[in-house]
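These are the residues of each chain, in order.
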Amino acid sequence: MSRGGGKGLSLKDKLDGNELDLSLCDLNEVPVRELAALPKATILDLSCNNLVSLPSDFCSLMHLVKLDLSKNRLQQLPLDFGRLVNLQHLDLLNNRLVTLPVSFAQLKNLKWLDLKDNPLDPVLAKVAGDCLDEKQCKQAAVRVLQHMKAIQSEQDRQRQRKLQAEREMEKKREAEQRAKEAQERELRKREKAEEKERRRREYDAQKAAKQETEKKTKKETVQTRKPTSSSRPPQPPRHKRSWSRSVLRVLLFALLCVLCTLAACKLTELQRQPLCISVNTLYEDVLAALQNHKTLQNMLQQNSQQ
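All values reported here derive from a predicted model rather than from experimental measurement. (Residues numbered from 1 in each chain as written. Predicted model: local features only at pLDDT ≥ 70, side-chain atom pairs only at ≥ 80, totals over all residues. Heavy atoms only, no water.)

Across its full length, the protein holds 5 helices and 6 strands. Reading the helices (α) and strands (β) of the protein from amino to carboxyl end gives β-β-α-β-β-β-β-α-α-α-α. Every one of the 306 residues in the protein was classed for burial, and the buried ones make up 24%. In the protein, 33% of the contacts between residues at least 6 apart in sequence involve partners at least 24 apart. Element-wise, carbon and sulfur atoms account for 54% of the exposed surface of the protein, whose accessible area totals about 22400 Å². (Helix = DSSP H or I, 4+ residues; strand = E, 2+ residues; numbered from the N terminus. Buried < 20%, exposed > 50% of the residue type's maximum accessible area, 1.4 Å probe, protein only. Contact = heavy atoms within 4.5 Å. Areas by Shrake-Rupley, 256 points an atom, 1.4 Å probe, with all protein chains shown as cover.)

Let us look at the environment of S23. Relative to the elements of secondary structure, S23 occurs in the loop between β2 (19–21) and α1 (32–36). Of the residues examined, S23 reaches a relative accessible area of 17% and is grouped as buried. Taking the C-alpha atoms as reference points, S23 and D45, separated by 22 residues in sequence, lie 5.7 Å from one another. If we skip the residues at most four places from it in the chain, S23 touches D45, S47 and N49. Here D21 takes part through its side chain, which lies 2.6 Å from a polar atom of the side chain of S23. (Polar contact = N/O pair within 3.5 Å; in protein donor to acceptor, adjacent residues only side chain to side chain.)

Another point: the sheet that holds strand β4 (residues 66–68). Read across the open sheet, the 6 strands follow the order β1-β2-β3-β4-β5-β6; overall the sheet is mixed. A strand with exactly one partner marks an edge of an open sheet, and here the two such strands are β1 (15–16) and β6 (112–114). Note that β1 and β2 share 2 bridges and pair antiparallel. The residue of β2 that forms the bridge with L15 is L20. (Pairing = 2+ DSSP bridges.)

Time to look at the pattern of salt bridges. In a structure, side chains of opposite charge can pair up when their charged atoms sit close to one another. Applying the stated criterion to the full structure yields 10 salt bridges. Residues D114 and K116 are paired through a salt bridge, measuring 2.9 Å at the closest nitrogen-oxygen approach. Take D114: its relative accessible area is 4%, and that puts it in the buried class. For R200, the salt bridge is made with E197, and the minimal N-O distance between the two is 3.4 Å. Of this pair, R200 and E197 both sit in helix α3 (residues 134–231), 3 residues apart, which is roughly one turn of that helix. Of the residues examined, E197 reaches a relative accessible area of 34% and is grouped as partly exposed. By sharing partners, the salt bridges in this structure join E154, R157 and R161 into a single network. (Salt bridge = Lys/Arg side-chain N within 4 Å of Asp/Glu carboxyl O.)

Within the structure shown, the criterion is met by 1 disulfide. The disulfide partner of C131 is C137, and the gap between their sulfur atoms is 1.4 Å. Around the S-S axis, the bridge from C131 to C137 shows a dihedral of about 105 degrees and counts as right-handed. Each member of the pair, C131 as well as C137, is classed as buried. (Disulfide = S-S within 2.5 Å.)

Without other data, these values stay purely geometric and don't point to any function.
Here's what the structure looks like:
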């Protein structure tokens, strides 16, 4: 491992028991892959180098128990720094840290912490306090862990509130969507009913118009046939009509002859002739019969009145 490059010198040459000292090596980056191959190295010293940041895979070194990152130029720690759950001793003296990642609260085994000479957030700086002796550094570890746990809890609560708000918003959107769909269904149902009613009215109107037309046509047909039947009664056959006229003429002629004969027998000198005598006798008998018939009618009428 060479200075600044992190390669060329074997880490095993620097391993002393479970301690690996990489301080004052002018490192710009951490050789994470090589460190991961040495799970025995539970104590790692990376102080007095040129480290500006730690790679994200640095947090895979979960075997670390003691870590010294003092006197570097670290501006922030990886967000999942809390994965180093076995860490008990952490030295971050003289870096450029302002805040700590929320996952820092997961370092439940941390017993010693030094955050001096960092431009910390005032609240965090007040919580950490000094680390001038063993007791203060242990107290700093306890207070910072409690502070980060409180921040984590508050973030969790905020996250839960946000999640709850999102769920409620989602439920509200779903309810609005269901209401909208129900309204659309009701609208379609109403439109369908209105369309059905409109078509039914059209059908009834067409049916009524058809019936009216048929009625009017039938009435016109009846009116057309009626004058024909009334103005022109059925005529009897022509030969029957001629025969009736002939019979009527004969009867009129006979009646005329009878009247003439009767007048001649009554008014002229022929009344003494045998023929006229017979005619006059017949005439008188007829008159008598008529008178008797009239007398009978009067009697019957009187009897009926009684």
